[in-house]
Amino acid sequence: MKLFRHDLHALSGAYALDALDQGAESERFARHLNRCPSCAGEVREFREVATALAFAATTDPPPELRDRVLAAAALTRQLPPNVTSRARSHRARVRARVPWVPWLSGVVATAAVVVAVLFGFAQAHSEQELNQARAQNEAIALVLSAPQAKLLTHATTRGGVATVVLAADRHEMVVTTNGLPALPAGKVYQLWLIGTTKTVSAGLLPTATSGQTGPVLASGVVKGDKLGLTVEPAPGRAQPTTTPILALPLPV
Amino acid sequence: MNPSDSDASRFRSVPTDRRGERDLDDLLVHVARGDQSAFETLYDRLAGPVYGVIRRVLRDPSQSEEVAQEVLLEVWRTAARFDPALGGAATWVMTIAHRRAIDRVRSTMAAAEREHKIAEVDTPHDEVAEAVEASLDAERVRRCLGGLTEIQREAITLAYYGGHSYRQVAEMLKVTLGAVKTRIRDGLIRLRDCLAVS
């Protein structure tokens, strides 16, 4: 059906309220906006009205949301502006070889960890390191793209935040941290799966870059486990020797 | 009110957050440079309306929380793409929030659509009344909504807060598609003028 220009104009209100059918109709109107400055102006005004409607609906979100959002933001790399003329550094070249992971757009909740993974790539300087990063990335990608994956974040008692993506059905999780205090030489941060009957090591946190530690993949998570974090003498211990600075229940 | 506001173009004068519209733009510019404390402030200013509008569309608290988190992270991630020439920061953020809520509702609603439709058609007035108790700005919005014809108000409320497409709204209100388009547009024009002068 061919719409007359007049009919298209009349859609400005529905368009501004996101009430056009997604797809062809909405796209056709968007194209029309490019050719019709007065329509574009009207849509802008209507969006301001819609913003007033949104403010009128103000509702306090649950307080945990704040911590989660801020922690995730701290780990999430920002997009550059559309136009960029930054010179290509070595880092940029390494990063350019990494295929952008397709599930990124769909699983924004896990974007934080994805970014951490890509940082891992950016820091890989040799082919071997890059291959290792790639292999680890594949394992981590399976956790991040698990349909039931949950994002958990929690502050430690020493400051800083741990972010966990838990794929309960795979019994696996990916852990990153941000803002943990730097440790003196000879000490490491060690992750633990603290179970009801036994505690096992879940690996060491890698050295932080800009306060952020790259992703650690841990397997064998079972019901009742908590994620623990302790400071241990390098290169880690078989059992924790200090009080955990984090004990995060894992909903498996 | 900031005296320089009178210089702003007309669409900028719809008072969504009159005290701080300009600060919000500045904040977003800082956020785009990776300033985490600016993002915290932005969160404190906008998380309420973001969560509120998503909650109104989705109703389910845990889904709303999830979508709100996505939206706020999206704001952080794409702040550099914000263009003040195209409108204020609050509008940029709320447009993302509403669109994400709609995406979610259209993807999950197909199955439950019929039940929803029947349940919601009776409630638009209550919904507005509930919504507008939230703040002083809300009082002005309520007054302006009160100045619309009933069908304009219902069409806008069902579309924006209810997350329905204008086709669905036409069915629900038992009017033609053409009538719904016109009522929504006329209603928004009236709201725009009412909000700009009050």
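Residues numbered from 1 in each chain as written. Chains lettered and ligands numbered in written order. Predicted model: local features only at pLDDT ≥ 70, side-chain atom pairs only at ≥ 80, totals over all residues.

1. Re the overall build of chain A
(1) Moving on: The helix and strand tally for chain A stands at eight helices and eight strands.
(2) Moving on: Looking at chain A residue by residue over its 252 residues, the buried ones come to 39%.
(3) Moving on: Within chain A, contacts between residues at least 6 apart in sequence are counted, and of these 61% link residues at least 24 apart. (Helix = DSSP H or I, 4+ residues; strand = E, 2+ residues; numbered from the N terminus. Buried ≥ 20, exposed ≤ 12 C-beta atoms within 10 Å, placed from the backbone. Contact = placed C-beta atoms within 7 Å.)

2. Observations regarding the overall build of chain B
(1) Moving on: Assigned secondary structure in chain B consists of nine helices and zero strands.
(2) Moving on: The N-to-C order of helical and strand elements in chain B reads α-α-α-α-α-α-α-α-α.
(3) Moving on: In chain B, which comprises 198 residues, the share counted as buried stands at 47%.
(4) Moving on: Looking at chain B alone, contacts between residues at least 24 apart form 63% of all its contacts between residues at least 6 apart.

3. A few points about the interface of chain B and chain A
(1) Moving on: Listed as interface residues are 66 residues of chain B and, on the opposing side, 49 residues of chain A.
(2) Moving on: Among the elements of the structure, helix H2 (36-58), helix H3 (61-78), helix H4 (89-121), helix H6 (136-146), helix H7 (150-160), helix H8 (166-173) and helix H9 (177-197) of chain B are those that each provide at least two residues to the side of chain B that touches chain A.
(3) Moving on: Counting residues per element, the side of chain B that touches chain A draws most heavily on H2 of chain B, at 12 residues.

4. So, the nonpolar core
(1) Moving on: Among the nonpolar cores identified, the biggest contains 107 residues, and Met 173 of chain A together with Val 50, Ile 54, Leu 72 and Ala 159 of chain B are the most heavily contacted of them.
(2) Moving on: Looking at this core element by element, the count peaks at 11 residues for H2 of chain B.
(3) Moving on: Not counting the four nearest positions on each side in its chain, Met 173 of chain A is found in contact with Val 143, Val 164, Val 165, Leu 166, Ala 167, Ala 218, Val 221 and Leu 250 of chain A. (Core = buried A, V, L, I, M, F, W, Y, C linked by C-beta atoms within 7 Å.)

5. Structural notes on unusual backbone geometry
Residues and elements named next belong to chain A.
(1) Moving on: Cis geometry marks the peptide bond from Ala 234 to Pro 235, where omega comes out at 0 degrees.
(2) Moving on: Among the structural elements, Pro 235 can be located in the loop between strand E7 (226-233) and strand E8 (246-249).
(3) Moving on: Positive phi outside glycine occurs at Asp 18, with the angle close to 55 degrees.
(4) Moving on: Turning to its location among the elements, Asp 18 is positioned in the loop between helix H2 (12-16) and helix H3 (24-35).
(5) Moving on: If you check the backbone angles, His 171 has positive phi at about 60 degrees while not being a glycine.
(6) Moving on: With respect to the helices, strands and loops of the structure, His 171 is situated in the loop between strand E2 (161-167) and strand E3 (172-178).

6. Thoughts on the sheet that holds strand E1 (residues 150-155) of chain A
Residues and elements named next belong to chain A.
(1) Moving on: With respect to topology, four strands assemble into an open sheet ordered E1-E2-E3-E6, the strand pairing being antiparallel. Here the strands that pair on one side only, and so sit at the sheet edges, are E1 and strand E6 (212-219). Within this sheet the neighbouring strands show an average axis-to-axis angle of 20 degrees, counted without direction.
(2) Moving on: Relative to E3, E2 runs antiparallel, the two sharing seven bridges. (Pairing = 2+ DSSP bridges. Axes fitted to C-alpha atoms, helices over the stretch in contact; angles between N-to-C directions.)

7. Remarks on the sheet that holds E7 of chain A
All names here are of chain A.
(1) Moving on: With respect to topology, four strands assemble into an open sheet ordered E5-E4-E7-E8, the strand pairing being antiparallel. Two strands close off the open sheet at either side, each with one partner strand: strand E5 (199-204) and E8. The sheet shows a mean angle of 30 degrees between the axes of neighbouring strands, direction not considered.
(2) Moving on: Bridge analysis of strand E4 (residues 187-194) against E7 gives eight bridges, and the strand direction is antiparallel. Looking across to E7, one finds that Lys 187 is bridged to Pro 233.

8. Describing the pairing of E7 of chain A
(1) Moving on: Summarising the sheet, E7 of chain A and E8 of chain A pair through four bridges and their orientation is antiparallel. Within the sheet, the bridge partner assigned to Gly 228 of chain A lies in E8 of chain A and is Ala 247 of chain A.

9. Remarks on the packing of helix H5 (residues 64-75) of chain A against H3 of chain B
(1) Moving on: Orientation of H5 of chain A relative to H3 of chain B, taken along the N-to-C sense of each, is 35 degrees, at an axis distance of 10 Å. For the pair H5 of chain A and H3 of chain B, the sense of crossing is right-handed. Of the residues in H3 of chain B, those touching H5 of chain A at Leu 65, Arg 68, Val 69, Ala 72 and Ala 73 of chain A are Glu 65, Ala 68, Gln 69, Leu 72, Leu 73 and Trp 76 of chain B. (Left-handed = near helix turned anticlockwise from the far one by under 90°.)

10. As for helix H4 (residues 37-56) of chain A
(1) Moving on: With 20 residues, H4 of chain A extends 29 Å between its outermost C-alpha atoms, agreeing within 8% with the 28 Å of an ideal straight helix rising 1.5 Å per residue.
(2) Moving on: For H4 of chain A, the tally of buried residues reaches 15 of 20 residues, placing the bulk of the element in the interior. (Expected span 1.5 Å × (residues − 1).)

11. Thoughts on the packing of H5 of chain A against H2 of chain B
Working note: a packed helix pair is described by the angle between its axes plus the distance between those axes.
(1) Moving on: Here H5 of chain A crosses H2 of chain B at 145 degrees, and the two axes come no closer than 11 Å. H2 of chain B is crossed by H5 of chain A, and the crossing has right-handed handedness. Between H5 of chain A and H2 of chain B, the contacting residues are Leu 65, Arg 66, Val 69, Leu 70, Ala 73 and Ala 74 of chain A on the first element and Gln 36, Phe 39, Glu 40, Tyr 43 and Ala 47 of chain B on the second.
(2) Moving on: Tallied by class, residues from the contact of H5 of chain A with H2 of chain B come to eight nonpolar, one polar and two charged. (Nonpolar A, V, L, I, M, F, W, Y, C, P; charged D, E, K, R; others polar.)

12. Thoughts on the confidence of the model for chain A
Where the model shows low pLDDT, its predicted coordinates should not be examined in detail.
Residues and elements named next belong to chain A.
(1) Moving on: Scored by pLDDT, chain A has a mean of 77; 73% of the residues are at 70 or more.
(2) Moving on: By mean pLDDT, helix H6 (residues 90-96) is the weakest element of chain A at 36, and H2 is the strongest at 96.
(3) Moving on: A low-confidence stretch, residues 83-112 stays under pLDDT 50, and its non-local contacts, those more than four residues away or across chains, total 36 contacts. (pLDDT = per-residue confidence, 0-100.)

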